[in-house]
Amino acid sequence: TEVAHAPLDVLGADVTVPLVTGGEITYAALDYAASAPALKRVWDDVAAYAPYYGSVHRGAGYLSQLSTDLFEAARGTVAEFLDCRADDELIFTRSTTDSLNLLARAVPAGCQVYVFETEHHASLLPWQHTDVTYLDAPRTPADAVATLARALESRDTTAPALVCVTGASNVTGELWPVRDLAATAHAHGARIVLDAAQLAPHHPVSVRDLDVDWVAFSGHKLYAPFGAGVLAGRTDWLHAAQPYLAGGGASRKVSRAADGSVEVEWHENAARHEAGSPNVIGAYAIASACKALTEAGFDTLVARERHLIDKVRAGLADVPEVRVLSLFGDDAPRVGVLSFVVDGWNSSHFAAALSAEYGIGVRDGLFCAHPLVHHLLGATAPAAGECGEATSLNAIRVSFGAGTPDEHVERFVTAVRELVTQGAKLTYRTENGRCVP
Ligand code: PMP
């Protein structure tokens, strides 16, 4: 079921960029894993709604009422997209990072948290105030399940516990055995949250089927770049927790007590963690993207992506200098995300040449997953530097999705071959953390 053309129209398909060697070329956006281009459908839906925009949950006017209805309908659409259980709650946040931090603030006292060292920093770091155990990088999906089982076996089962795991790696694109990890967590009385930032844009995510307790993802990686994200799942911990943000909207009743203090009754629904005026457009855009992906059909999207992945893998396999990074082995199933290093090349210079000489946008760096990239590169000493900063100990990542035409991956494979065999046309150096010719 090969699909010849990109199944969904994205913005930016006609954008041209200058080449340092002269002339212009259409931009090949191969950095979907950082932020996917907006779906044209999402942009059009937002533009159609924009004149009717109004405050949500705080206005008597017609447009406020309409916006409130659309905001709440968006919640339902996204919950359906995630195949949530009937009694799950869906909270609109800013991003995956925000969602996981929210959950980290809501875990019960004494909660033991288990997280693999291979996680993106958004799922690795929010737990530092808890009793957190960092698990070593597994060699296979089965090893991941066994590693988790071993760690949970010795735990004190009277304490609450939570496992946080990615569905698809933002570095290798590899799929993690989420269903098995969830079963293992539950068998040991632990809960599990799925970081679906890289999974949701590429694969159907069913909370019910995977049996995860919570799921988090970001709109901007799901073709809806309007600053919203999602946390969905079980209500008990969320309703027992202090609100993530204190403020209007989260409080049901606020009064001055006889002793002069201020007493608050917080909502016991999604509003509890959505204080302040919500990002209505962001939520609306995510719902629009969910509808567009569902209508395009994940069977089509997955088949299309497999075709692109195979093309990239086959193209790179002919270039012995290219080393593709993988935790679970070359044949492991993956989404359209792939990182590599090129023998003899500084990854940042290579990425800069792809941009300047071929009009291809990829990412270089450590991809906000420093321990994982260090592990994959076999480095013991962490490379200094912030997320994304160019160091010699980094990699190159190419990623694509529902709007990627064949020409972009073909141009990428040709460019890699030419750079490796003929060298770059210019020399590159790093200046102020940026690579320039
Ligand atoms: N988890 C994974 C696996 C990711 O790839 C990313 C983004 N690179 C995040 C979490 C964080 O997403 P955001 O920056 O939208 O909060």
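Residues numbered from 1 in each chain as written. Predicted model: local features only at pLDDT ≥ 70, side-chain atom pairs only at ≥ 80, totals over all residues.

## Some thoughts on the overall build of the protein chain
Step number 1: When helices and strands are counted, the protein chain shows 13 helices and 19 strands.
Step number 2: Taking 2.2 N^0.38 as the reference for a compact globule, 437 residues should give roughly 22 Å; the C-alpha atoms of the protein chain span a radius of gyration of 23 Å, in line with that estimate.
Step number 3: Burial analysis of the protein chain (437 residues in total) assigns 48% to the buried set.
Step number 4: Pairs at least 24 residues apart make up 70% of the contacts formed inside the protein chain by residues separated by at least 6 positions. (Helix = DSSP H or I, 4+ residues; strand = E, 2+ residues; numbered from the N terminus. Rg over C-alpha atoms; globule rule 2.2 N^0.38 Å. Buried ≥ 20, exposed ≤ 12 C-beta atoms within 10 Å, placed from the backbone. Contact = placed C-beta atoms within 7 Å.)

## So, unusual backbone geometry
Negative phi characterises most residues that are not glycine, and trans characterises most peptide bonds.
Step number 1: Look at Asp83: it is not a glycine, yet its phi comes out positive at around 50°.
Step number 2: Mapped onto the fold, Asp83 is located in the loop between α2 (62-81) and β4 (89-93).
Step number 3: By the C-beta count within 10 Å, which is 15 here, Asp83 ends up partly exposed.

## Quick notes on the nonpolar core
Step number 1: The biggest cluster of nonpolar side chains holds 134 residues, and the ones touching the most others in it are Val215, Ile286 and Ala289.
Step number 2: Per-element accounting of this core gives the leading share, 10 residues, to helix α9 (residues 280-296).
Step number 3: Viewed by domain, this core spans two of them, domain 1 (16-30 + 297-436) and domain 2 (42-294), each represented by three or more residues. (Core = buried A, V, L, I, M, F, W, Y, C linked by C-beta atoms within 7 Å. Domains from an automatic or database assignment.)

## Focus on the pairing of strand β7 (residues 161-166)
Step number 1: Among the six residues that make up β7, six are buried, leaving the element largely enclosed by the rest of the structure.
Step number 2: Where burial is concerned, the two faces of β7 agree: the one with Ala161, Val163 and Val165 and the one with Leu162, Cys164 and Thr166 are both buried.
Step number 3: Relative to β7, strand β5 (residues 112-116) runs parallel, the two being bridged by four bridges. What sits directly across from Gln112, in β7, is Ala161.
Step number 4: Direction of pairing for β7 relative to strand β8 (residues 191-195): parallel, over a ladder of five bridges. Paired with Leu162 across the bridge in β8 is Arg191.
Step number 5: The β-α-β motif built from β7, the intervening helix α6 (residues 178-187) and the parallel element β8 has right-handed crossover chirality. (Pairing = 2+ DSSP bridges. Right-handed = clockwise from strand over helix to strand, strands pointing away.)

## Describing the site of the ligand
Step number 1: Neighbouring residues of the ligand: 15 residues in total, closest Ser95, Thr97, Asn170, Ala197 and Ser218.
Step number 2: Among the secondary structure elements, those contributing two or more residues to the shell around the ligand are α3 (96-106) and α4 (121-124).
Step number 3: Taken together, the residues that form the shell around the ligand break down as four nonpolar, 10 polar and one charged. (Near = placed C-beta within 6 Å. Nonpolar A, V, L, I, M, F, W, Y, C, P; charged D, E, K, R; others polar.)

## So, the packing of helix α1 (residues 40-49) against α9
Step number 1: Relative orientation of the contacting elements α1 and α9 amounts to 135°, with a least axis distance of 9 Å. With respect to each other, α1 and α9 are oriented oblique. With respect to the hand of their crossing, α1 and α9 are arranged in right-handed fashion. Mapping the contact onto sequence places Arg41, Val42, Asp45, Val46 and Tyr49 in α1 and Ile281, Tyr284, Ala285, Ser288, Ala289 and Ala292 in α9.
Step number 2: Of the residues in the contact of α1 with α9, the class split is eight nonpolar, one polar and two charged. (Axes fitted to C-alpha atoms, helices over the stretch in contact; angles between N-to-C directions. Parallel < 35°, antiparallel > 145°, perpendicular 65-115°, else oblique. Left-handed = near helix turned anticlockwise from the far one by under 90°.)

## A look at the pairing of strand β10 (residues 229-233)
Step number 1: With respect to burial, β10 is a largely interior element, five of its five residues being buried.
Step number 2: Judged by which residues are buried, β10 turns out to be covered on both faces: Gly229, Leu231 and Gly233 on one side and Val230 and Ala232 on the other are all buried.

## Things to note about the environment of Ser35
Step number 1: Summarising the element assignment, Ser35 is placed in the loop between β3 (28-29) and α1.
Step number 2: The exposure class assigned to Ser35 is partly exposed, which follows from the 14 C-beta atoms found within 10 Å.
Step number 3: Residues Ser35 and Gly219 lie 184 residues apart in sequence; the distance between their C-alpha atoms is 9.0 Å.
Step number 4: With near-sequence residues (within four places) excluded, Ser35 lies in contact with His220, Lys221 and Pro225.

## A word on helix α12 (residues 370-377)
Step number 1: Of all the positions in α12, only His370, Leu372, Val373 and Leu376 are classed as buried. Seen along its axis, α12 keeps its buried residues to an arc of 165°; they face one direction.
Step number 2: Elements in contact with the buried residues of α12: β17 (395-399).
Step number 3: Backbone geometry just after α12 places Gly378 at a positive phi near 70°. (Arc of directions from axis to C-beta.)

## Side note on the confidence of the model for the protein chain
Step number 1: For the protein chain, per-residue confidence averages 94 on the pLDDT scale, and 96% of positions sit at 70 or higher.
Step number 2: Low pLDDT, under 50, characterises residues 380-391; the predicted model gives this stretch 19 contacts beyond four residues in sequence or across chains.
Step number 3: Overall fold confidence for the complex sits at a pTM of 0.95, while the interface term, ipTM, reaches 0.99. (pLDDT = per-residue confidence, 0-100.)

## Things to note about the domain arrangement of the protein chain
Step number 1: Domain annotation of the protein chain identifies domain 1 (16-30 + 297-436) and domain 2 (42-294).
Step number 2: On a C-alpha basis, the centres of domain 1 and domain 2 stand 30 Å from each other.
Step number 3: Every element with two or more residues in the side of domain 1 that touches domain 2 is listed here: α10 (298-317), β14 (337-342) and α12.
Step number 4: Residues that form the side of domain 1 that touches domain 2 fall into these classes: 17 nonpolar, five polar and three charged.

## What to know about the environment of Ile192
Step number 1: Summarising the element assignment, Ile192 is placed in strand β8.
Step number 2: Note: C-alpha distance between Ile192 and Leu162 (30 residues apart in sequence) is 5.3 Å.
Step number 3: Here Ile192 is in contact with Val163, Val165, Leu181, Ala182, Ala185, Val212 and Asp213, once residues within four sequence places are set aside.

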